[in-house]
Structures are given as C-alpha cells and as structure tokens.
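Structural features, examined
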Amino acid sequence: MTDLYPAADQRELLRQAAAAHTAASADLEAFLRRLPEVPEPADITEFANLLSREERARGERQDAADAAGLQLPSMESTD
C-alpha cells in the first residue's frame, strides 16, 4: 500500500525548526538590549518566558536535525 501523502521532507522540517530557533533567539536578544539596568519582576518573568521558548526551539531544532540524519557525536569531555 502506498502512502497518499509522502512524509514531509526532513530537511524542510529542519529548516523550519532552525528558523523558529533563530526567531526565538532574536526575540531574546531584543529583550536583553532593552532590559533596564535594574530589572523589575515583570522583566524577570519575561526573560524566563523568552529563555524557555528559546531552549524549547533549540531542542526542536536538534530533534529535527537528528531526524534528518545530522546526528553529531557528543562534544562534551569524557574526562
């Protein structure tokens, strides 16, 4: 039996995940550029939300890279 809808091109999914990560990183950078010298509680909350979004997007980008066959060996030291 043939699939009526072929699987999405993993490379395109990876490009989309990379674009989402780039956007999340850019939003975090923009926030940090306008951050006051003495952050208010609302600033800390916004930072936490932006950081969480960026980390989630990075994880999704990595998952998409793995699915596209771009798995890298660990770069952490084994010492």
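The structure under discussion appears in the preceding block.
Residues numbered from 1 in each chain as written. Predicted model: local features only at pLDDT ≥ 70, side-chain atom pairs only at ≥ 80, totals over all residues. Heavy atoms only, no water.

Overview of the overall build of the protein
When you go through the protein residue by residue, the secondary structure sums to 2 helices and 0 strands. For the protein, buried positions account for 16% of its 79 residues. For the protein, the computed accessible surface area is about 6500 Å², with 56% contributed by carbon and sulfur atoms. (Helix = DSSP H or I, 4+ residues; strand = E, 2+ residues; numbered from the N terminus. Buried < 20%, exposed > 50% of the residue type's maximum accessible area, 1.4 Å probe, protein only. Areas by Shrake-Rupley, 256 points an atom, 1.4 Å probe, with all protein chains shown as cover.)

Concerning helix α2 (residues 41–67)
The end-to-end C-alpha distance of α2 is 39 Å, a good match for the 39 Å that 27 residues give at a rise of 1.5 Å each. Turning to α2, its buried residues number three or more, namely Asp-43, Leu-50, Glu-54, Ala-57, Gly-59, Ala-64 and Ala-65. Where α2 is buried, its residues touch α1 (10–34). Downstream of α2 by a residue or two, Gly-69 has a phi angle that is positive, lying close to 85°. (Expected span 1.5 Å × (residues − 1). Contact = heavy atoms within 4.5 Å.)

Overview of a nonpolar patch on the surface
On the surface, a nonpolar cluster with roughly 230 Å² of combined accessible area is contributed by Leu-32, Leu-35 and Phe-47. Among the secondary structure elements, Leu-32 is positioned in helix α1. Residue class for Leu-32 comes out partly exposed when judged on its relative accessible area of 43%. (Patch = residues over 30% accessible without salt bridge, like charges linked within 9 Å, V, L, I, M, F, W, Y side chains within 5 Å. Salt bridge = Lys/Arg side-chain N within 4 Å of Asp/Glu carboxyl O.)

Purely geometric stuff here, so don't read any function into it on its own.
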